[in-house]
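Chain by chain, the residues run as shown.
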Amino acid sequence: GTFMVIKTTRVINQIGLHAREVTKFVDIANRFECVILVEKQNDNGRVVNAKSLLGILSLDIKHQDEIKIMAHSGDDCEAAVEKLVKFIEKTEEE
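Below: a short report on this structure. Being a predicted model, the structure only gives us computed values, none of them experimental.

Reading the values: the criteria
- Residues numbered from 1 in each chain as written.
- Predicted model: local features only at pLDDT ≥ 70, side-chain atom pairs only at ≥ 80, totals over all residues.
- Heavy atoms only, no water.
- Core = buried A, V, L, I, M, F, W, Y, C linked by side-chain atoms within 4.5 Å.
- Buried < 20%, exposed > 50% of the residue type's maximum accessible area, 1.4 Å probe, protein only.
- Helix = DSSP H or I, 4+ residues; strand = E, 2+ residues; numbered from the N terminus.
- Contact = heavy atoms within 4.5 Å.
- Pairing = 2+ DSSP bridges.
- Axes fitted to C-alpha atoms, helices over the stretch in contact; angles between N-to-C directions.
- Disulfide = S-S within 2.5 Å.

Formed by 27 residues in total, the largest nonpolar core has its most connected members in Phe25, Ile36, Val38, Ile56 and Ile69. Contributing elements (two or more residues each) for this core: helix H1 (19-29), strand E2 (35-40), helix H2 (53-59), strand E4 (66-72) and helix H3 (77-90). Among all residues touching valine 38, those that are not within four sequence positions of it are Phe25, Arg46, Val47, Val48, Ala50, Ile56, Leu59, Ile67, Lys68 and Met70.

This is the structure:
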């Protein structure tokens, strides 16, 4: 079966995830082999590919949004999810 790593996190950055952060997020996701998906809470269960810039931008992630990061099909699932969650949680204004 498919083993899946799932973590939920909340966006603490006041301005949410705008283009620059999204670009970084996608860059990080693309360093991993595994399949990584992102779902925003209360978004009708729509799931996008974490490696897709347009996909993540289309989620329009705002301050206080709860997002779920899921990964499967790779040895680096745990690492991928952990790294992306850390990125989301540390994204404060610079």
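The strand order across the open sheet formed by four strands is E1-E4-E2-E3, and the pairing between neighbours is antiparallel. The sheet terminates laterally at strand E1 (4-10) and strand E3 (47-49), the two strands that pair on one side only. On average, adjacent strands in this sheet sit at an angle of 25° to one another, irrespective of strand direction. Across seven bridges, E1 lies against E4 in antiparallel orientation. Bridge assignment links valine 5 to a residue of E4, and that residue is alanine 71.

Here aspartate 60, not a glycine, exhibits a phi torsion of approximately 50°, which is positive. Inspection of the secondary structure puts aspartate 60 in the loop between H2 and E4. The backbone of glutamine 64 shows a phi angle near 75°, a positive value even though the residue is not glycine. One can find glutamine 64 in the loop between H2 and E4. We classify glutamine 64 as partly exposed; its relative accessible area is 41%.

Here we come to the state of the cysteines. A covalent bond between the sulfur atoms of two cysteines is referred to as a disulfide. For the structure on display, the rule yields zero disulfides. Cysteine cysteine 34 remains unbridged, with the sulfur of cysteine 77 as its closest cysteine sulfur at 4.2 Å. Owing to a relative accessible area of 0%, cysteine 34 belongs among the buried residues under this scheme. Owing to a relative accessible area of 3%, cysteine 77 belongs among the buried residues under this scheme.

Let us now look at the environment of leucine 59. In this structure, leucine 59 sits in helix H2. Judged by its relative accessible area of 1%, leucine 59 is buried. A sequence separation of 28 residues divides leucine 59 from arginine 31, and the C-alpha atoms of the two residues are 21 Å apart. Excluding residues within four positions of it along the chain, leucine 59 makes contact with Val38, Lys40, Asp43, Arg46 and Val48.

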